Amino acid sequence: METTAAFDGLVCTDCGERFDPETTTHDCPDCGGFLDSRYDLNHIDLARDELETRPFDGLWRYEELLPVPRTAAVTIDEGTTPLVDCPELADELGVERLLIKDEGRNPTGSRTDRGHALAVSAAREHGASDVALATTGDAGQSAAAYAARAGLDSHAFVPTRANFGNKAMINVHGGDMNVVEGRFDDAAAACADAMVDEDWYATNPFETPYRHEGAKTMFYEIVEQLDWEVPDGIVQPTGSGVGLVGLHKGATEFAELGLTDDLPALYAAQASGCAPIVEAWEAGDDSHEPWEVPDTICGGIEIADPHGSPLVLDALDDSDGGAVATDDESILDSAITVAQHTGIEMGATPAAAASGAWELAEQDVFGADDTIVLVNDASANKEADILRSHLMGKGI
């Protein structure tokens, strides 16, 4: 496996054992815990002025802090998405600045492209012929696109409720799509069953150590786009938790390198019909209890049993952040408000961040001088039918 100079192996987040990324690919061989990429930061000489001289041209402008170098990358020029100032929304929330990190501008229209650029790069480096995952939709489309780019086959297991656009594009990219009756947990079980008899390389969240490694680059970009100001808060739509864990890791690494002085408060936004992270946070627990009956229109974050919850909850605690849940009506209303006030298109799922921010403002969590960032995880084109149906239902 071709790796960057400072990449120092994989460490289990549970037992602390270190492993060689050449031979270890998924989960801790000793205890089954999640693996995390680690770097010898003493060997990274990265300054603000050095970064400022580089083209703003995607993930690999941060090559020193990624496991795979640009020369071995499977890339479709993902990353370096816009950070859009929204003064109208800032006024409504009562904060100094409100900005939206628009991840819908990625190649397949979602933040998951960041993680799959790295996960599929690693798969190819390990000699895989096939990648596979269970997905609510976006990640399946992303995996199919990056597998196609790498010359690999892909297998996606999606619940019946996954949106048509994601399903269609999985096929268009040449992916093998398996539609599973039920919800995400049913798709995950079907994927696990299928992989018992197949030599497929999994790109499931946290099963591979590279999905959240790609997501961390969102934070790197945000602080550069804010002229090295760390925002007071970042609100992230949260299902499995890859985006939020990635943001926390990126913030921690930049702080350790002396590029920034502190961490932003991170907030996990969920739908009240499926909010296991919020429930665990409010109870003060270290992990979640599976949500018994998930029920939300926000299919992309309808993850009833997010196995990465300990990492998510640690990130919330370490950043002095929190977790918030709002109902579907508020989430859909927020998507429409953002579209009509800013022109930015948020789908039903990522609009949980906007709705969550409104709720946090109502709770007086934010200050009048705060800079707040909302992560728009995916293009609204993926869920446009849901938003239009909501509009029609309100007689607009």
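- As annotated in an unreviewed UniProt entry, the chain is Threonine synthase from Halococcus thailandensis JCM 13552.

**Topic: the overall build of the chain**
- In terms of regular secondary structure, the chain is built from 14 helices and 13 strands.
- Taken over the C-alpha atoms alone, the chain extends approximately 55 × 50 × 40 Å along its principal axes.
- The buried share of the chain, reckoned over its 396 residues, is 59%.
- Residue pairs in contact within the chain that sit at least 24 positions apart in sequence constitute 70% of those at least 6 positions apart.
- In the structure as shown, the chain presents an accessible area of about 15,100 Å², 43% of it carried by carbon and sulfur atoms.

**Observations regarding the pattern of salt bridges**
- Inspection of the entire model under this criterion finds 20 salt bridges.
- Residues Glu64 and Arg54 are paired through a salt bridge, measuring 2.6 Å at the closest nitrogen-oxygen approach. With Glu64 in the loop between helix H1 (48-52) and strand S4 (83-85) and Arg54 in the loop between H1 and S4, this residue pair connects regions lying 10 residues apart in the sequence.
- In this structure, the salt-bridge partner of Lys216 is Glu253, at a minimum N-O distance of 2.9 Å. Placement of Lys216 in the loop between helix H7 (211-215) and helix H8 (217-225) and of Glu253 in helix H9 (residues 242-256) is noted, with a sequence separation of 37 residues between them.

**Some points on the UniProt feature "domain: Tryptophan synthase beta chain-like PALP" (unreviewed entry) in the chain**
- What UniProt calls "domain: Tryptophan synthase beta chain-like PALP" (unreviewed entry) maps, in this numbering, to residues 75-375.
- Secondary structure content for residues 75-375 is 43% helix and 17% strand, and the end C-alpha separation is 22 Å.

**Focus: the packing of helix H4 (residues 138-150) against helix H5 (residues 164-172)**
- Interhelical geometry of H4 versus H5 gives an angle of 20° and a closest axis separation of 8 Å. Taken as axis vectors, H4 and H5 run roughly parallel relative to one another. Read as a crossing pair, H4 and H5 show a hand that is left-handed. Seen from H4, the contacting residues are Asp138, Gly140, Gln141 and Ala144; seen from H5, they are Gly165, Asn166, Met169 and Ile170.

**Looking at the sheet that holds S4**
- Across the sheet, six strands lie side by side as S4-S5-S13-S10-S11-S12; this open sheet has mixed pairing. Edge positions in the sheet fall to S4 and strand S12 (322-326), since each has one partner strand and no second. On average, each strand axis in the sheet is inclined to that of its neighbour by 25°, with strand direction left out of account.
- Where S4 lies against strand S5 (residues 97-102), three bridges are found, and the strand directions are antiparallel.

Each value, and the rule that gives it
Residue positions within a chain follow its written sequence, with the count starting from 1. At least 70 in pLDDT is required for a residue's local features to be given in this predicted model, at least 80 for side-chain atom pairs to be given and counted, and no such filter applies to totals for whole chains, interfaces and linings, which use all residues. The basis for every side-chain value is the complete set of heavy atoms in the structure, and neither hydrogens nor water enter the calculation. Strands here are runs of E lasting at least two residues and helices are runs of H or I lasting at least four, both read from the DSSP assignment and numbered beginning at the N terminus. Any residue under 20% of the maximum accessible area for its type is buried, any over 50% is exposed, and the rest in between are partly exposed; the area is computed with a 1.4 Å probe on protein chains only. Every residue pair with non-hydrogen atoms within 4.5 Å of one another is taken to be in contact. Computed with the Shrake-Rupley method and a 1.4 Å probe, the accessible areas treat only the protein chains shown as cover for residues. Within this document, salt bridges are pairs made up of a side-chain nitrogen of Lys or Arg and a carboxyl oxygen of Asp or Glu, the two lying within 4 Å of each other. UniProt positions are given in the numbering used here, feature names are shortened, and annotations may be inferred rather than shown by experiment. Comment: axis = line fitted to C-alpha atoms, over the contacting stretch for helices; angle = value between 0 and 180 degrees taken between N-to-C directions. For classification purposes, angles smaller than 35 degrees are called roughly parallel, those larger than 145 roughly antiparallel, those between 65 and 115 roughly perpendicular, and all remaining angles oblique. Crossing chirality is assigned from the near helix's rotation relative to the far helix, an anticlockwise turn below a right angle marking it left-handed and a clockwise turn marking it right-handed. Note: two strands are recorded as paired if DSSP finds a minimum of 2 bridges between them.

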